[in-house]
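# Structural description and commentary
Given next are the chains, with one letter for each unit.
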Amino acid sequence: MLSRLYGKRILLIEDQEMMRNQLRLSMTSVGCKRLLAVTSIQLALEAIETETFDLILCDYNLGENTNGQQFLEFVRSRELISRNTLFIMITAEQSYQKVMLVAECTPDDYLLKPFTPAQLNVRVDRLIERQEALEGLNRACDQRRWDLVIAKCDKLLTERNKYVFDVHKIKGEALLKSGRAADARQHYETVVLQRPLGWAKVGLARALEAEGDVDGACKILREIIVESPMVMQAYDLLARLLANSNKHAEAMAILHKAGEISPGTMSRLRSLTTLAMGSGHNDIAEQVMSNAILVNQYSPVRDVGDYALLSKALVNQKKGDAALDVVKQARKGFTDSDSNVVLDATECVIYQRAGDNEKATAALTRAMVSDMTGIPLDVAMSVAEALLAVGRENDALSLIKQAIQNTPNDHNLMQKVQAVLGTDGKGDRAADIIASSRREIIQLNNEGVRKADAGQFDEAVTLLSAAADRLPNNLQIVGNAALALAQFMVRDGVDSERLNNCLRYRNSLAEQSSGDPKLRQIDVNLQRLKR
Amino acid sequence: MNDHGGIMGSDFPLLSSAILHEVKNHLTELQWRLAARSDASAEQALVANCAQRLTDLLLAQRDVSGLLLADIDAHCPADLLQELATGYAGLFPTLTVDVQLDNAPVTAFYDAFLVRLALGNALHNACHHARKQVQLSVHSSNEGTVFQMTDDGPGFPSDFLAQGAAAPSNPGQTGTGLGLYLAGRIAALHRLGEHTGRVELANAKAGGGIFRLIVP
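This part is about the overall build of chain A. A tally of helices and strands in chain A yields 26 helices and five strands. In summary, chain A has a C-alpha radius of gyration of 25 Å against a globular reference of 24 Å for 531 residues, a match within 12%. Over its C-alpha atoms, taken along the principal directions, chain A stretches across nearly 70 × 65 × 45 Å. Counted over contacts in chain A with a minimum sequence separation of 6, partners at least 24 positions apart contribute 60%. Working note: accessible area of chain A is about 23400 Å², and carbon and sulfur atoms make up 48% of it. Distance from the positive charge centre (66 side chains) to the negative charge centre (69 side chains) of chain A: 4 Å.

Below is the structure:
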């Protein structure tokens, strides 16, 4: 019988020459179409930039303090590989298996050394069988067409095959991603009734959170931690919910407990650092983040924000020189414009705290030299912090407001705003700022939609276009601006400027969320223009 | 600090992990070289056993530190048994490793990694003692999912049957003491309401040992 590997494209990441040669021999002997063997994460990243692979076979231990888990976390969190690309981690000991259970960071399977060629082949065969059964579903997920994903899941669930729980898992995610919280809750409740699996209970907690029942979500997450202590996602989610409710010490204790079981992903270490700083434990923050940066120094999961966090923890302990060293170190690895803004803003805070107003102002000027429209949330927060440091509170608040309105659904918004406000962010201030910023943009959006519905397209378009230009990542605003423009042209005829703007907003929406249901509405109107 | 203090201190876990990784790489190399020959299945089985003992040791270490935890999800038990049988049929070519799946449930709930290790240990033991045949099967019972292994060897010694999957009385002994103990621990990590997984040993009337791992 022909191996399922026949005709497949395989990327092998293995630093040991012997293993690389043996695996290469084994894979090519069963007729794979292409096998690229690389020795490092860097070379693997270059490979996936230009090629698509069906299977990635990656050794956990890659030398130079890098490992396969860092690579997996990076490529999955940034969606650099399709859900249809299988990822198998080869490990020497089983404890690596338990590093994390966040779906995005879990490989499709682990292979424990040593293994025979026959064992490898039979395992890969099973995984490809599953990949082929779920291929259409995964493709729809890649395209973020959640309605299609849900429809496909419902069809597959009637077949009652061995992948039924995989399909349940994907359906729950799709319901949550498409904002159908009540349906997601019902779905997960049904799964939990069949079997109280950790991921299904986490899904239930996420659905409850989305419905606004934070206490209910926390209760379930605490249950999971007692019953299934390996479900690391439960710790992360519970810590976030606690932090959002201003229970910083409790949140930190939860993340500490998680750390005892597994060292954790970079994102958990970031949360722990932020929480430690928020509750005044700057020494712990320094320790956690400097260690995380050291461990990941050759890994792509590092971020310029990690250096900014470490520098902040140092400044808070009056270690200005050490903080400047951290910025200097970061500048060697991060040279893009957003990173420069973050590092300039960080320097501003360091100098201001050291009493050097002149250097602080110069650093802030450098940070604000580029256009602030639509800059990423984290970058905006860094600049806001610098503005606060030099006493420009109104400018800081207006930048925070704009950043919130640009990305109103960021899960860690509360923690981020609290972190910027520092001691001023205690109590309800951060929550008030977030709520009022969100309220303002919702009102603006509703006003725009109401005017469009009433046929006052000119006013609707003026309102929504201005907002869409200011907030290019707020998909609701961008989508409604495109729709209002399209409807305007259907009624009053095509105008080249309106058409250009409409297409610009439409394409931006498609790029950021290709499955957005509003795209269809916009396209239907654009089709009518052609007739 | 003297040299002893240094090596037994904070670097020790790193050192042991590095050595383990190296040994496992060498074992893999040996395994693949042997697989390329057609006359070295006994040596391959020996390598597999060495690796399994190392893995058992690590599992025991995690157990002692309270970090032996299960990540239970839905899996296809038939796939697991077929995979194990394929692996061991190559290592014991004179034996027939038969998989009976007539009553296999489509899905069962267990930690695939841990159950694979426990069944691998038991299968190695069964193959080691079998004369001609080992049979693997899986079925549902009112206790949950029952993985069963039957061999046509001499069966378990009576004191072994009495001791069951209790802690190994003599950790230095060769054989299955630790493997069986770990299988019992792994089974016990599987809980559903009042039910807890367990391991069961028996001898068949016609002779031969029967190993059962039951997960709720």
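At the junction of the two partners, chain A supplies 40 residues and chain B supplies 41 residues. Carbon and sulfur atoms make up 64% of the area that chain A and chain B hide from each other, which totals about 3800 Å². At the boundary of chain A with chain B, the tally comes to four salt bridges. Note that Asp79(B) and Lys162(A) form a salt bridge whose closest N and O atoms lie 3.0 Å from each other. At the junction of chain A with chain B, the criterion picks out ten residue pairs in polar contact (both at pLDDT 80 or more). The element that contributes the greatest number of residues to the side of chain A that touches chain B is helix H4 (residues 117-133) of chain A, accounting for six residues.

Time to look at the confidence of the model for chain A. Per-residue pLDDT for chain A averages 88, and the proportion of residues at 70 or more is 96%. A low-confidence stretch, residues 96-102 of chain A (pLDDT under 50), is modelled with 30 contacts involving residues beyond four sequence positions or located in other chains.

Before going further, it helps to spend a moment on the confidence of the model for chain B. Parts of the prediction with low pLDDT should not have their coordinates interpreted in detail. With 87% of its residues at a pLDDT of 70 or more, chain B has an overall mean of 85. Within the model, pLDDT remains below 50 along residues 1-5 of chain B, and this stretch shows one contact once partners closer than five positions in the same chain are excluded.

A word on the sheet that holds strand S4 (residues 86-91) of chain A. By way of backbone hydrogen bonds, the strands of a sheet pair with one another, either parallel or antiparallel. Residue and element names in this part refer to chain A. Taken together, five strands build an open sheet; the order of strands is S2-S1-S3-S4-S5 and the sheet is parallel. Every other strand in the sheet has two partners, leaving strand S2 (34-38) and strand S5 (109-112) as the edge strands with one partner each. Strand-to-strand twist of the sheet, defined as the mean angle between neighbouring strand axes without regard to direction, takes the value 20 degrees. The sheet contact formed by strand S1 (residues 9-13) and strand S3 (residues 55-59) spans four bridges and is parallel. Across the sheet, the residue bridging to Leu-12 is Leu-57, located in S3. Docked against the sheet, helix H1 (residues 17-29) engages S1, S2, S3 and S4, running at close to 175 degrees with respect to S2.

Residues and elements named next belong to chain B. The interhelical angle for the contact between helix H3 (residues 41-64) and helix H5 (residues 112-129), taken along N-to-C directions, is 135 degrees, at an axis separation of 11 Å. Overall, the two elements H3 and H5 adopt an arrangement that is oblique. When the axes of H3 and H5 are compared, the crossing they make is left-handed. Contact residues: Ala-45, Ala-48, Asn-49, Gln-52, Thr-55, Asp-56 and Leu-59 in H3; Leu-114, Leu-117, Gly-120, Asn-121 and His-124 in H5.

Reading guide: rules and limits
Residues numbered from 1 in each chain as written. Chains lettered and ligands numbered in written order. Predicted model: local features only at pLDDT ≥ 70, side-chain atom pairs only at ≥ 80, totals over all residues. Heavy atoms only, no water. Helix = DSSP H or I, 4+ residues; strand = E, 2+ residues; numbered from the N terminus. Rg over C-alpha atoms; globule rule 2.2 N^0.38 Å. Contact = heavy atoms within 4.5 Å. Areas by Shrake-Rupley, 256 points an atom, 1.4 Å probe, with all protein chains shown as cover. Lys, Arg positive; Asp, Glu negative; His and termini not counted. Charge placed at Lys NZ, Arg CZ, Asp CG, Glu CD. Buried area = accessible area lost by both parts, 1.4 Å probe. Salt bridge = Lys/Arg side-chain N within 4 Å of Asp/Glu carboxyl O. Polar contact = N/O pair within 3.5 Å; in protein donor to acceptor, adjacent residues only side chain to side chain. pLDDT = per-residue confidence, 0-100. Pairing = 2+ DSSP bridges. Axes fitted to C-alpha atoms, helices over the stretch in contact; angles between N-to-C directions. Parallel < 35°, antiparallel > 145°, perpendicular 65-115°, else oblique. Left-handed = near helix turned anticlockwise from the far one by under 90°.

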